[in-house]
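# Observations on the model geometry
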Amino acid sequence: MKHHPLTPREQEVLRLVWQGFTTRDIAKKLQRSFNTIAMHRRHILKKLGVTSTAQALVVARERELIADG
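Residues numbered from 1 in each chain as written. Predicted model: local features only at pLDDT ≥ 70, side-chain atom pairs only at ≥ 80, totals over all residues. Heavy atoms only, no water.

## Quick notes on the packing of helix 1 (residues 8–18) against helix 3 (residues 34–48)
Running from N to C, helix 1 and helix 3 point in directions that differ by 95°, and their axes come no closer than 9 Å. For the element pair helix 1 / helix 3, the angle class is roughly perpendicular. Side by side, helix 1 and helix 3 meet where Arg9, Glu10, Val13, Leu14 and Val17 of the first sit next to Ile37, His40, Arg41, His43, Ile44 and Lys47 of the second. Split into classes, the residues belonging to the contact of helix 1 with helix 3 amount to five nonpolar, two polar and four charged. (Axes fitted to C-alpha atoms, helices over the stretch in contact; angles between N-to-C directions. Helix = DSSP H or I, 4+ residues; strand = E, 2+ residues; numbered from the N terminus. Parallel < 35°, antiparallel > 145°, perpendicular 65-115°, else oblique. Contact = heavy atoms within 4.5 Å. Nonpolar A, V, L, I, M, F, W, Y, C, P; charged D, E, K, R; others polar.)

## A closer look at the side chain of arginine 41
Relative to the assigned elements, arginine 41 resides in helix 3. Among buried Asp, Glu, Lys and Arg side chains, arginine 41 stands out as unpaired, with aspartate 25 the closest opposite charge at 8.7 Å. Excluding residues within four positions of it along the chain, arginine 41 makes contact with Val13, Val17, Phe21, Thr22, Thr23 and Thr53. (Buried < 20%, exposed > 50% of the residue type's maximum accessible area, 1.4 Å probe, protein only. Lys, Arg positive; Asp, Glu negative; His and termini not counted. Salt bridge = Lys/Arg side-chain N within 4 Å of Asp/Glu carboxyl O.)

## Considerations on helix 2 (residues 23–30)
What helix 2 keeps buried is the set Thr23, Ile26, Ala27 and Leu30. All buried residues of helix 2 lie within an arc of 100° about the axis, which places them on one face of the element. The inward-facing, buried residues of helix 2 contact helix 1 and helix 3. Glutamine 31 lies just past helix 2 and shows a positive phi near 55°. (Arc of directions from axis to C-beta.)

## Some thoughts on the pattern of salt bridges
Enumeration according to the criterion identifies two salt bridges in this entry. The closest approach of N and O atoms between arginine 9 and glutamate 12, which form a salt bridge, is 2.9 Å. With a gap of three residues between them, arginine 9 and glutamate 12 both fall in helix 1, about one helical turn apart. In this structure glutamate 12 comes out as partly exposed when scored by relative accessible area, which is 28%.

If you want it as structure tokens, here you go:
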């Protein structure tokens, strides 16, 4: 699977997911609609070539897109 870089917003959303925020929480925090954040999450899954949030987090860790702390 070819690696597709995430946009800065997608990276931000992914970091917030890693920190345990829900889609609704992220929407409030970033002052965006629920649907906008849900779209970013779908794009993240597609770009990372996975079908679940858990898989996305594993792949993101492997690619060093997110880190502890």
